[in-house]
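This is what each chain is made of:
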Amino acid sequence: MWTILAEKPLLISIMIGGVVAGLLYGWLQTGNKRLGVASLATVLLIPVSFYVADSIVTDREKILQAIYSTAEAVEQNDHESAVIYIADRATRQRALSELPNYEFHRIGVRNIQINMVTGSLPPEATVDLDASVTASMNRGGMRNIRVPRRVILTFQKQPDGEWMVTDYTHMPLTGGADGFTPNRI
């Protein structure tokens, strides 16, 4: 219930609107003042639902924030900020050795699928997303090439409540690994 309230306030507002419509219809049919007052009071729940949704940050929203912050840092070629959400030391070193090979110009992230791993302790999530990258190789002749990639991330919830990456891989959108895919996951 909290997830629906926190992530889908529009859906809650539509349901509240249905209740308000029913109360208003009852008031118009019967003239009962209590139904009119109840409909006005119920309408006030709509902005309250948006306020509550803004104040609650769910695990999915924390993961999305980490993804978007990382994409922005990579696009700005800020390698140290790009790996801030990587908890595993070896994975962080792998990313830091991979990122300087490219100069990134534009990154778009879409089709994000977050799958929470049930029963895991600490909580884990697997994220599968599509990234559209425009980049140049620092060594070589490829300049401003648009490269669509499928990125798979493994997130783990830390004791402080933050979600951090413990492993990652990327590959072409279709097919299996290629020459740029790290041998992981």
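Just above sits the structure.
Everything numeric here is computed off the predicted structure, so don't read it as measured data. (Residues numbered from 1 in each chain as written. Predicted model: local features only at pLDDT ≥ 70, side-chain atom pairs only at ≥ 80, totals over all residues. Heavy atoms only, no water.)

K.L.:
Could you clarify how one ought to interpret the overall build of the protein chain in this entry?
P.N.:
Each helix and strand counted, the protein chain has seven helices and four strands in total. Seen in sequence order, the protein chain has helices and strands lined up from the N terminus as α-α-α-α-α-α-α-β-β-β-β. Taking 16 Å as the expected radius of gyration for a compact globule of 185 residues, we find that the protein chain reaches 23 Å, considerably beyond that expectation. Each of the three principal axes of the protein chain carries a C-alpha extent, and together these read 80 × 35 × 30 Å. Counting every position in the protein chain, which comprises 185 residues, the buried fraction comes to 35%. Put simply, of all contacts in the protein chain between residues at least 6 apart along the chain, 52% involve residues at least 24 apart. (Helix = DSSP H or I, 4+ residues; strand = E, 2+ residues; numbered from the N terminus. Rg over C-alpha atoms; globule rule 2.2 N^0.38 Å. Buried < 20%, exposed > 50% of the residue type's maximum accessible area, 1.4 Å probe, protein only. Contact = heavy atoms within 4.5 Å.)

K.L.:
When you look at helix 7 (residues 89-98) in this model, what are you seeing that I'm missing?
P.N.:
Turn by turn, an α-helix covers 3.6 residues, leaving residues three or four places apart pointing in a common direction. For helix 7, every residue scored as buried is listed here: Thr91, Arg94, Ala95 and Glu98. One face of helix 7 carries all of its buried residues, which in axial projection span an arc of 95°. Structurally, helix 7 contributes buried residues whose contacts are with strand 1 (102-117) and strand 4 (163-172). (Arc of directions from axis to C-beta.)

K.L.:
What's the story with helix 5 (residues 59-75) in this structure? I'm lost.
P.N.:
For helix 5, with 17 residues, the first-to-last C-alpha span of 24 Å sits near the 24 Å given by 1.5 Å per residue. For helix 5, the elements touching its buried residues are helix 6 (79-82), strand 1, strand 2 (124-137), strand 3 (145-157) and strand 4. Phi turns positive one or two residues past the end of helix 5, at asparagine 77, with a value near 55°. (Expected span 1.5 Å × (residues − 1).)

K.L.:
Which parts of the structure should I look at to understand the layout of surface pockets?
P.N.:
The probe, sized like a water molecule, is rolled over the atoms to show the empty space still left. Taken as a whole, the largest pocket holds about 830 Å³ of empty space. Considering the residues around the largest pocket, the lining is formed by 34 residues, among which Val74, Leu99, Phe104, Val151 and His170 are closest to the centre. Taken together, the residues of the lining of the largest pocket sort by class into 28 nonpolar, three polar and three charged. (1 Å grid on protein atoms, 1.4 Å probe; cavity = no way out; pocket = protein on both sides within 12 Å on 5 of 7 lines; lining within 4 Å. Points joined across faces, edges and corners; volume = space filled by probe spheres on them. Nonpolar A, V, L, I, M, F, W, Y, C, P; charged D, E, K, R; others polar.)

K.L.:
What exactly am I supposed to notice about the pattern of salt bridges here?
P.N.:
Any two side chains of opposite charge can pair, on the condition that their charged atoms come close. Counted by the stated rule, this structure contains four salt bridges. Across the pair aspartate 59 and lysine 157 runs a salt bridge whose closest N-O atoms are separated by 3.2 Å. One end of the pair, aspartate 59, is in helix 5; the other, lysine 157, is in strand 3, and 98 residues separate them in sequence. A salt bridge links arginine 150 to aspartate 128; the shortest N-O distance between them is 2.6 Å. With a gap of 22 residues between them, arginine 150 in strand 3 and aspartate 128 in strand 2 connect regions that are remote in the sequence. (Salt bridge = Lys/Arg side-chain N within 4 Å of Asp/Glu carboxyl O.)

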